[in-house]
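# Descriptive structure summary
The residues making up each chain are set out below.
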There are 2 protein chains.
Amino acid sequence: MELYFSPMSCSLATRAALYEANAHATFTYVDSQTKRTEHGDDFLKLNPLGLVPTLRLDDGSLLTENASILQHVAARYPAAALAPSDARGVTRLQEWLSFIGTELHKALFAPLFDAAAPEAARSYALEKGSTRLDHLASRLQGREFLLDRFSVADAYLTTVLNWTRVTPIDLKRWPSVQAYVDRVRARPAYARALAEELELYRAELARRKSA
Amino acid sequence: MELYFSPMSCSLATRAALYEANAHATFTYVDSQTKRTEHGDDFLKLNPLGLVPTLRLDDGSLLTENASILQHVAARYPAAALAPSDARGVTRLQEWLSFIGTELHKALFAPLFDAAAPEAARSYALEKGSTRLDHLASRLQGREFLLDRFSVADAYLTTVLNWTRVTPIDLKRWPSVQAYVDRVRARPAYARALAEELELYRAELARRKSA
């Protein structure tokens, strides 16, 4: 497998899942501004929408969208048990992956990170987003993970919640969520993925600053 | 099964899927403004986020999020073949469900329908959204449906694209998409679901106008 990623973006969830599974994979950097890969290729020719994560599968085809990529990684490495195997559990995994992708990633964080978004769109996203964090806090009260054990949904959720650091959102308002994020970040695979991408992210920022 | 719905919202996709499957289900109207059900119940007590579709499963529990609800309906009624059964097909179904939910529903349409969204947020969503429609047009060129045959992803996509009628988006700019929407709307189950919800939607608008 080959993962096209941009550091600290939502593709970090896939990297963490691959590390959790001890998977053999290569990681190809995509500059999110120029849409060039580290090999100088035009990423838009691979994925016209220019979105990461994009995963090159064993058969050479490309897969996009976090929810499908994470479920594919879980299915490809069943020994790592990164997804429930019973029908009820699969349904609940899909429910959380969709909630994270739509209500948090797209509705809350996308307007906050979008330089073209007007201030009013940001404050509205923050206001609505706090009800989503209330919902998460209630789910995580007394629970270790979103489902009965660690799953790819936790890799995705923690990756999205990492972004609060550069927003006005203070997770301390939701102690069960803060404790959860700390718990997932303490997992060796997640910690390694996060540390590596943080370093790449800082190098990217330094490169842009000096350009 | 009991589907909590609001007419012409994204819950229409679930209704259409249930009709495609000849499923036995009840449909409970939720007023999207007051969050009251047709029985006078407070919907926020059932689903604190107040979102439809919400599906009451056979075991009495509630399921939220379109992507998971649609996959659950497909799995519950396998004879209707509303989802691929092979692993590769399942992955592609999940990819499209996620694309529709994140890139179209949340990123393109949500700002257009949000009365609190400023004008700049809307024009930005329209501009970015047109690249998503280009992507769809290219996928649907020479294809009948998103996957090899009709699936719940088509029910969801068509439901979302129905909303273009009340936006500045003119699907005629993307002929393969327009032809696709016409094709799905011509299916008896989808046509029935759409006609019923349009009538309920018009009645809702008339009630609000006279209130």
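Preceding this paragraph is the structure being described.
These notes cover the structure that comes with them. This one's a predicted model, so the numbers in the text were calculated from it and none came from an experiment.

Calculation rules
Residues numbered from 1 in each chain as written. Chains lettered and ligands numbered in written order. Predicted model: local features only at pLDDT ≥ 70, side-chain atom pairs only at ≥ 80, totals over all residues. Heavy atoms only, no water. Helix = DSSP H or I, 4+ residues; strand = E, 2+ residues; numbered from the N terminus. Contact = heavy atoms within 4.5 Å. Buried < 20%, exposed > 50% of the residue type's maximum accessible area, 1.4 Å probe, protein only. Buried area = accessible area lost by both parts, 1.4 Å probe. Salt bridge = Lys/Arg side-chain N within 4 Å of Asp/Glu carboxyl O. Least-squares fit on C-alpha atoms with pLDDT ≥ 70 in both. Axes fitted to C-alpha atoms, helices over the stretch in contact; angles between N-to-C directions. Parallel < 35°, antiparallel > 145°, perpendicular 65-115°, else oblique. Left-handed = near helix turned anticlockwise from the far one by under 90°. Nonpolar A, V, L, I, M, F, W, Y, C, P; charged D, E, K, R; others polar. Phe/Tyr/Trp six-rings, centres within 6.5 Å; stacked < 30°, edge-to-face > 60°.

Our next topic: the environment of Ser 98 of chain A. In this fold, Ser 98 of chain A is placed in helix H4 (residues 87–113). Measuring from C-alpha to C-alpha, the distance between Ser 98 of chain A and Tyr 180 of chain A comes to 19 Å, with 82 residues separating the pair along the chain. Dropping the residues within four chain positions of it, Ser 98 of chain A is found in contact with Glu 103 of chain A together with Glu 65 and Ala 67 of chain B.

Further remarks concern helix H3 (residues 66–76) of chain A. Here H3 of chain A lies mainly inside the structure; nine of its 11 residues are buried. Inspection of H3 of chain A places Asn 66, Ala 67, Ser 68, Ile 69, Leu 70, Gln 71, His 72, Val 73 and Ala 74 of chain A among the buried residues, and these make up the whole buried set. Check the buried side of H3 of chain A and you find it contacts helix H1 (12–20), strand S3 (54–56), strand S4 (62–64), H4 and helix H6 (152–162) of chain A together with helix H4 (87–113) of chain B.

With 32 residues of chain B in contact, the opposing surface of chain A contributes 32 residues. Taking both partners together, chain B and chain A bury about 2800 Å²; carbon and sulfur atoms supply 57% of that area. Per-residue buried area on chain B facing chain A is highest for Leu 49, Glu 65 and Lys 106 of chain B; these three make up 20% of the total on that side. Linking chain B with chain A are two salt bridges. Notably, a salt bridge pairs Glu 103 of chain B with Lys 106 of chain A, separated by 3.0 Å at the nearest N-O pair.

Moving on to the side chain of His 105 of chain B. Residues and elements named next belong to chain B. Tracing the sequence through the fold places His 105 in helix H4. On the basis of relative accessibility, which here comes to 15%, the residue His 105 falls in the buried class. Those residues in contact with His 105, other than ones at most four positions away along the chain, are Cys 10, Ile 100, Ala 110, Tyr 156, Val 160 and Trp 163.

When chain B is fitted to chain A, the best match, at an RMSD of 0.0 Å, comes from turning it 180 degrees and sliding it 0.0 Å along the axis. The superposition operator between the copies reduces to a two-fold rotation axis. Minimal C-alpha separation from the rotation axis in chain B is found for Thr 102 of chain B, amounting to 2.7 Å. Both copies share a contact surface, since 100% of the interface residues of chain B are interface residues in chain A too.

Now for unusual backbone geometry. Residue and element names in this part refer to chain A. The peptide bond linking Val 52 to Pro 53 adopts the cis configuration, its omega dihedral lying at -5 degrees. One can find Pro 53 in the loop between helix H2 (43–46) and S3. Although it is not a glycine, Lys 35 adopts a positive phi angle of roughly 60 degrees. In this structure, Lys 35 sits in the loop between strand S2 (26–29) and H2.

Right, let's get into the environment of Val 90 of chain B. All names here are of chain B. Note that Val 90 resides in helix H4. A relative accessible area of 27% means that Val 90 is categorised as partly exposed. With 19 residues separating them along the chain, Val 90 and Gln 71 place their C-alpha atoms 9.5 Å apart. Among all residues touching Val 90, those that are not within four sequence positions of it are Pro 84 and Ser 85.

All names here are of chain B. Where helix H1 (residues 12–20) contacts helix H6 (residues 152–162), the axes come no closer than 8 Å and their chain directions differ by 140 degrees. Relative to H6, the element H1 is oriented oblique. With respect to the hand of their crossing, H1 and H6 are arranged in right-handed fashion. Between H1 and H6, the residues in contact are Leu 12, Ala 13, Ala 16 and Ala 17 and Val 152, Ala 155, Tyr 156, Thr 159 and Asn 162, respectively. Here the contact of H1 with H6 is built from residues that sort into seven nonpolar, two polar and no charged.

This paragraph deals with the packing of aromatic side chains. Summed over the entire model, instances satisfying the criterion amount to 16 aromatic pairs over all chains. Here the aromatic rings of Phe 113 of chain A and Trp 163 of chain A are separated by 5.7 Å at their centres, their planes lie at 75 degrees, and the arrangement is edge-to-face. Highlighted residues: Phe 113 of chain A in helix H4 and Trp 163 of chain A in the loop between H6 and helix H7 (175–185), separated in sequence by 50 residues. Residue classification places Trp 163 of chain A among the buried positions, given a relative accessible area of 9%. Arranged with centres 5.6 Å apart and planes meeting at 35 degrees, the rings of Tyr 4 of chain B and Phe 43 of chain B form a pair that is tilted. Taken together, the positions of Tyr 4 of chain B in strand S1 (residues 2–5) and Phe 43 of chain B in helix H2 (residues 43–46) put the pair 39 residues apart, joining distant regions of the chain. Among the aromatic side chains, those forming a connected cluster through ring pairs are Phe 109, Phe 113 and Trp 163 of chain A.

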